[in-house]
Amino acid sequence: MMWRWATITVLFCLMAAQQPHHATPVSPAETQPADPAWSAMTATMKNMHAAMAAVEPSANSDVNFVRLMLPHHQAAVEMAKTQLLYGKDPQMRRLAQEIITDQQSEIQLMQLWLKQHEPSSPQEKPAAARSSAEER
């Protein structure tokens, strides 16, 4: 599992490092590579960053972690789907399929956890916090 995280992290870093850094604004046509796989990957990353930036912080670091990890995992799934669509190397295609399976399972787990722990309103405490507070 750790090597998968390391692989994903390296892929994200490599793609970020290859992004052109222009001092002056350029037209969208100049920034769009002809490679549809690259375009899909960078679009996925932009969507992930926007989704993560839109997360409202809570006082609960566990909730914050899950809220931020959900778009991160979804981006990994989308990038892996892009790899399956465009990739040729059997080992990378197999890795992409494993990422999809693992990340979707983890997304479901995190969504379930959020339903059980995230307050539905700012004044409401999560069910776990209410029950432990009521026991005192």
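Residues numbered from 1 in each chain as written. Predicted model: local features only at pLDDT ≥ 70, side-chain atom pairs only at ≥ 80, totals over all residues. Heavy atoms only, no water.

Things to note about the overall build of the chain
Then comes step 1: Across its full length, the chain carries six helices and zero strands.
Then comes step 2: N-terminal to C-terminal, the α/β element order of the chain is α-α-α-α-α-α.
Then comes step 3: Considering only contacts within the chain whose residues lie at least 6 apart along the sequence, 59% involve residues at least 24 apart. (Helix = DSSP H or I, 4+ residues; strand = E, 2+ residues; numbered from the N terminus. Contact = heavy atoms within 4.5 Å.)

Digging into helix α4 (residues 61–86)
Then comes step 1: Here α4 is 26 residues long and its end C-alpha atoms lie 37 Å apart, about the 38 Å a rise of 1.5 Å per residue gives.
Then comes step 2: Structurally, the start of α4 carries an N-cap: the backbone nitrogen of Asp62 is 2.8 Å from a side-chain oxygen of Asn60. (Expected span 1.5 Å × (residues − 1). Polar contact = N/O pair within 3.5 Å; in protein donor to acceptor, adjacent residues only side chain to side chain.)

Quick notes on the side chain of His73
Then comes step 1: For His73, the location among the structural elements is in helix α4.
Then comes step 2: Of the residues examined, His73 reaches a relative accessible area of 2% and is grouped as buried.
Then comes step 3: A distance of 2.7 Å separates the side chain of His73 from the side chain of Glu106, its partner in a polar contact. (Buried < 20%, exposed > 50% of the residue type's maximum accessible area, 1.4 Å probe, protein only.)

What about helix α5 (residues 90–117)?
Then comes step 1: Counted at 1.5 Å a residue, the expected span for α5 with its 28 residues is 40 Å, and the 40 Å between its end C-alpha atoms agrees.
Then comes step 2: N-cap assignment for α5: the residue whose side-chain oxygen lies 2.9 Å from the backbone N of Gln91 is Asp89.

Overview of the environment of Lys88
Then comes step 1: Within the element layout of this structure, Lys88 appears in the loop between α4 and α5.
Then comes step 2: For Lys88, a relative accessible area of 71% corresponds to the exposed category.
Then comes step 3: Those residues in contact with Lys88 that lie beyond four places of it in its chain are Gln83 and Arg93.

Let's talk about the packing of α4 against α5
A pair of packed helices is captured by two measures, namely the crossing angle of their axes and the spacing between those axes.
Then comes step 1: Following both chains from N to C, one finds α4 and α5 inclined at 155°, their axes separated by 8 Å at the closest point. Comparing the axis directions of α4 and α5 gives the class roughly antiparallel. The handedness of the crossing between α4 and α5 is left-handed.
Then comes step 2: Residue composition of the contact of α4 with α5, grouped by class: 17 nonpolar, eight polar and five charged. (Axes fitted to C-alpha atoms, helices over the stretch in contact; angles between N-to-C directions. Parallel < 35°, antiparallel > 145°, perpendicular 65-115°, else oblique. Left-handed = near helix turned anticlockwise from the far one by under 90°. Nonpolar A, V, L, I, M, F, W, Y, C, P; charged D, E, K, R; others polar.)

Observations regarding the packing of helix α3 (residues 36–53) against α4
Then comes step 1: Here α3 crosses α4 at 170°, and the two axes come no closer than 9 Å. Of the possible angle classes, the one that applies to α3 and α4 is roughly antiparallel. Where α3 abuts α4, its residues Pro36, Ala37, Ala40, Met41, Thr44, Met45, Met48, Ala51 and Met52 lie against Leu68, Pro71, His72, Ala75, Glu78, Met79, Thr82, Gln83 and Tyr86.
Then comes step 2: The class makeup of the residues in the contact of α3 with α4 is 13 nonpolar, four polar and one charged.

What to know about the confidence of the model for the chain
Then comes step 1: Put simply, the chain has an average pLDDT of 81, and 63% of its residues get 70 or more.
Then comes step 2: Contacts from residues 124–136, a stretch scored under 50 in pLDDT, to residues over four places away or in other chains number 10 contacts. (pLDDT = per-residue confidence, 0-100.)

Considering the environment of Ala37
Then comes step 1: With respect to the helices and strands, the residue Ala37 is situated in helix α3.
Then comes step 2: Put simply, Ala37 and Thr82 are 45 residues apart on the chain and 6.4 Å apart in space, counted from C-alpha to C-alpha.
Then comes step 3: Setting aside anything within four residues of it in sequence, one finds Ala37 in contact with Thr82 and Tyr86.

Re the environment of Met110
Then comes step 1: For Met110, the position within the fold is in helix α5.
Then comes step 2: What makes Met110 buried here is its relative accessible area of 10%.
Then comes step 3: Between the C-alpha atom of Met110 and that of Leu70, which follows or precedes it by 40 residues, the distance is 7.3 Å.

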